[in-house]
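Structural overview
These are the residues of each chain, in order.
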Amino acid sequence: FPPAVFPLSCVVQNYSWGKVGLESEVAKLVASGDPLVQIQPDQPYAELWMGTHPRGDALIRDNRIPQKTLGQWISDNPACLGAKVKDAFQGQLPFLFKVLSVNTALSVQAHPNKELAAKLHAQFPEHYPDANHKPEMAIALTPFEGMCGFRPVEEIVSFLQNVPELRALIGEVAAEQLERSGSDDPRGVSAALRVCFTRLMKSEKKFFVDQLNVLVRRISQEAAEGKDTSGSNGDLLLRLHSQYPGDIGCFTIYFLNLVRLEPGEAMFLGANEPHAYLHGDCVEIMACSDNTVRAGLTPKFIDVLTLCEMLNYTPAPSSSKIFPAAQSQLDPNVYLYDPPVPDFTIMRIEIPASIKLYLISAMDSASILLVIQGTAVGTSTAAASEMSLHRGSVLFISANESISLHLSSPDGMLLFRACCLL
C-alpha cells in the first residue's frame, strides 16, 4: 500500500498586503515547518495555501510516493477523499485551507452564489475563472479585524448625519429614503440600503476623491485638536486612506460592520456577503473557486455593477457575524466550526499538557492537519514511518485513517484540521 498519510510542503503567496518578514504568522509557520527556508526580512508573506489549487498545489514530502503534488496524488487515488466526498465533488478535494497574515486591507469584495458564478464565468471568463461558489470561513490566530455585512440602519443613518461628505456622495434623496425606512418593512430597508450603497459606489471619480480629501483633512484636523472622531469613524478612515489614498473603498466603512475576532473566534462569509479583511492573522477555509467580485481598496479589476447587484442588503449587528464553535460531543478537546455549506468544516484541536497520547480520529473525509503550537511524534498504520510534528507541520490524512500523537511539548498542542463532513 502507498502511504495514505504524509507531510506536505505548502505554497506561500507574497501578495503586497501581507505582513512582512517574521512579523507574519505565515512566515513564522513556514520557518518552523522547514528550517532550510530563508525568510526575507522585507518580503510580504501573505498566504499559505494547503490544498490542490493549480496556482498552489502542495508538494508531497515523502520520497516513497511517486507523485510530486497533492493534486496529482488525489487524482491517482480518488478513494482517499472518502466515498461521499469523492462522489459529491467529482473526485476533487472540495476546499482550500489557508493561513493569512494581513498587514494592509484586502479589497472590498463578495463571492457569488453558484447560479451567479455560472453566469459570470460564461460571460467574463477572464475575470471569473470558474463556475463555483466561494463561501469562506476565517478563524483568528491573533486579534483579527475585518469588515463584514451591512451595519444596522441606525448606525448608517448616524454616519449620514455626522459625515456631510458621505451624504454629498449619496445625495439627499437616497439619504432621506434610508432615514425614513422603518424597521417594520425589511424589504423597504434593503431597497433603500441598495440605492444608497450603489450611489456611493457609482459616484464620479473626481467627485468622490474631492469629498474624500475634504473628509480626511477635516478628520486629521479634529484628531490633531484632540477631538473625538468616532462619530465619523475617524481612526479607521485615516488608516484605510493612508493605505489606499483616493479609493472609494474608504467610504465603505460607513456601511459595513467592523468585526473584531479574538483568537479562536470565527466569521463565516456566505455568498453575496460584502467583506474586507483589515488586519491580523487567521486560518481560512474556502470552497475551491477564484471568483471574487471586487469594488474598492484594490488596484485589481473592479466590477461595481455586479457587486452592487448581487449583495445581501440585510442589516445586522457586528456581533451576529461571529460564527460560534461547538465543542464536540465525542471529544472535549475538539471544537467544530461547521458552517451552513457542504464544502468544508474546520476542527480546532486543543490538547492540554496533561495528555501524552492523543488519537487524531479517522473520518469519512480526507483532511489536512496544521500544527500551530506544540510538538509530537505521529504514528499511523497508513504512514510509511513515524512523523515528527511541530509548529508549521502540515499533514494530509486520507479518509478513514487515524494518527496517534505522542506528545512531547510541556504546554500541549494547538491544531486545526480541515475536512468535509457530508
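Residues numbered from 1 in each chain as written. Predicted model: local features only at pLDDT ≥ 70, side-chain atom pairs only at ≥ 80, totals over all residues. Heavy atoms only, no water.

Per an unreviewed UniProt entry, the protein goes by the name Mannose-6-phosphate isomerase and belongs to Dicrurus megarhynchus. The protein has a UniProt comment under Subcellular location (unreviewed entry) that states "Cytoplasm". We quote the UniProt Sequence similarities (unreviewed entry) comment for the protein here in full: "Belongs to the mannose-6-phosphate isomerase type 1 family." (UniProt positions renumbered as here; feature names shortened; annotations may be inferred.)

1. Section: the UniProt feature "domain: Phosphomannose isomerase type I C-terminal" (unreviewed entry) in the protein
Mapped onto the present numbering, the UniProt feature "domain: Phosphomannose isomerase type I C-terminal" (unreviewed entry) falls at residues 336-376. Overall, residues 336-376 shows 0% helix and 51% strand. The separation of its end C-alpha atoms is 22 Å. (Helix = DSSP H or I, 4+ residues; strand = E, 2+ residues; numbered from the N terminus.)

2. Section: the sheet that holds strand E24 (residues 403-407)
One open sheet accounts for 4 strands, arranged E19-E24-E21-E22; its pairing is antiparallel. The sheet terminates laterally at strand E19 (357-360) and strand E22 (387-389), the two strands that pair on one side only. This sheet shows a mean twist of 30 degrees between the axes of neighbouring strands, independent of strand direction. Here E19 runs beside E24; their pairing, made up of 4 bridges, is antiparallel. Across the sheet, the residue bridging to Leu 359 is Ser 404, located in E24. (Pairing = 2+ DSSP bridges. Axes fitted to C-alpha atoms, helices over the stretch in contact; angles between N-to-C directions.)

3. Here's the deal with the packing of aromatic side chains
Two measures describe an aromatic ring pair: the distance that separates the ring centres and the angle between the ring planes. Summed over the entire model, instances satisfying the criterion amount to 12 aromatic pairs. For the pair Phe 197 and Phe 255, a centre-to-centre distance of 5.4 Å together with 80 degrees between the ring planes defines the contact as edge-to-face. Of this pair, Phe 197 sits in helix H8 (residues 186-201) while Phe 255 sits in the loop between helix H10 (234-243) and strand E11 (256-261), placing them 58 residues apart in sequence. With respect to class, Phe 197 is no different from Phe 255; both count as buried. In this structure an aromatic cluster arises from ring pairing among Phe 150, Phe 197, Phe 255 and Tyr 313. Its guanidinium or amino end placed over the ring of Tyr 15, Lys 300 lies 5.8 Å from that ring's centre, counting from NZ or CZ. Directly above the aromatic system of Tyr 335 lies the positively charged group of Arg 348, at a separation of 4.4 Å from the ring centroid. (Phe/Tyr/Trp six-rings, centres within 6.5 Å; stacked < 30°, edge-to-face > 60°. Buried < 20%, exposed > 50% of the residue type's maximum accessible area, 1.4 Å probe, protein only. Lys NZ or Arg CZ within 6 Å of the ring centre and 35° of its normal.)

4. Some remarks on unusual backbone geometry
Unlike most non-glycine residues, Gln 90 shows phi in positive territory, near 50 degrees. Assignment of secondary structure puts Gln 90 in the loop between helix H3 (83-88) and strand E7 (95-102).

5. Considerations on the packing of helix H5 (residues 153-162) against helix H7 (residues 172-180)
Orientation of H5 relative to H7, taken along the N-to-C sense of each, is 140 degrees, at an axis distance of 10 Å. Classified by the interaxial angle, the pair formed by H5 and H7 is oblique. Here H5 runs over H7; the crossing is left-handed. Packed against H5, whose contacting residues are Val 153, Ile 156, Val 157, Leu 160 and Gln 161, the element H7 presents Ala 175, Leu 178 and Glu 179 at the interface. Its residues placed into classes, the contact of H5 with H7 shows 6 nonpolar, 1 polar and 1 charged. (Parallel < 35°, antiparallel > 145°, perpendicular 65-115°, else oblique. Left-handed = near helix turned anticlockwise from the far one by under 90°. Contact = heavy atoms within 4.5 Å. Nonpolar A, V, L, I, M, F, W, Y, C, P; charged D, E, K, R; others polar.)

6. Points about the UniProt feature "domain: Phosphomannose isomerase type I catalytic" (unreviewed entry) in the protein
In the numbering adopted here, UniProt assigns the feature "domain: Phosphomannose isomerase type I catalytic" (unreviewed entry) to residues 5-153. Across residues 5-153 one finds 22% helix and 28% strand; the C-alpha atoms that close the span lie 50 Å apart.

7. Topic: the domain arrangement of the protein
Examined at the domain level, the protein breaks down into domain 1 (1-151 + 256-299 + 315-345), domain 2 (152-254) and domain 3 (346-419). The C-alpha centroid of domain 3 is placed 20 Å from the C-alpha centroid of domain 1. Taken together, the contact between domain 1 and domain 3 spans 45 residues of the former and 37 residues of the latter. The junction of domain 1 with domain 3 conceals about 3,200 Å² of combined surface from both sides, 65% of it contributed by carbon and sulfur atoms. The largest contributions to the domain 1 side of the interface with domain 3 come from Val 5, Phe 97 and Asn 333, which together make up 20% of the buried area. Taken together, the links from domain 1 to domain 3 amount to 1 salt bridge. The salt bridge partner of Arg 391 is Glu 25, with a shortest N-O separation of 3.2 Å. Run the count over domain 1 and domain 3 and you get 16 residue pairs in polar contact (both at pLDDT 80 or more). For the side of domain 1 that touches domain 3, the per-class residue count stands at 31 nonpolar, 7 polar and 7 charged. (Domains from an automatic or database assignment. Buried area = accessible area lost by both parts, 1.4 Å probe. Salt bridge = Lys/Arg side-chain N within 4 Å of Asp/Glu carboxyl O. Polar contact = N/O pair within 3.5 Å; in protein donor to acceptor, adjacent residues only side chain to side chain.)

8. Observations regarding the side chain of Arg 151
Within the secondary structure, Arg 151 is located in the loop between strand E10 (144-150) and H5. According to the relative accessible area criterion, Arg 151 is buried, its value standing at 9%.

9. Observations concerning the layout of surface pockets
If you add up the space inside the largest pocket, you get close to 620 Å³. Lining the largest pocket are 32 residues, and of these Tyr 15, Trp 17, Gln 109, Arg 294 and Lys 300 sit closest to its centre. Secondary-structure elements contributing two or more residues to the lining of the largest pocket are strand E5 (47-50), E7 and strand E13 (275-287). A per-element tally of the lining of the largest pocket places E13 first, with 5 residues. Residues that form the lining of the largest pocket fall into these classes: 14 nonpolar, 9 polar and 9 charged. (1 Å grid on protein atoms, 1.4 Å probe; cavity = no way out; pocket = protein on both sides within 12 Å on 5 of 7 lines; lining within 4 Å. Points joined across faces, edges and corners; volume = space filled by probe spheres on them.)

10. Examining the nonpolar core
Core analysis: the largest hydrophobic core is formed by 71 residues, its most contacted members being Phe 97, Phe 396 and Leu 405. Taken domain by domain, the makeup of this core includes at least three residues from each of domain 1 (1-151 + 256-299 + 315-345) and domain 3 (346-419). Filtering out sequence-adjacent residues up to four positions away, Phe 396 remains in contact with Ala 4, Val 5, Phe 6, Leu 8, Leu 70, Trp 73, Ile 74, Cys 80, Ala 366, Ser 367 and Ile 368. In terms of nonpolar packing, the next biggest core, distinct from the first, is built from 55 residues, Leu 120, Leu 160, Leu 215 and Ala 276 among them. (Core = buried A, V, L, I, M, F, W, Y, C linked by side-chain atoms within 4.5 Å.)

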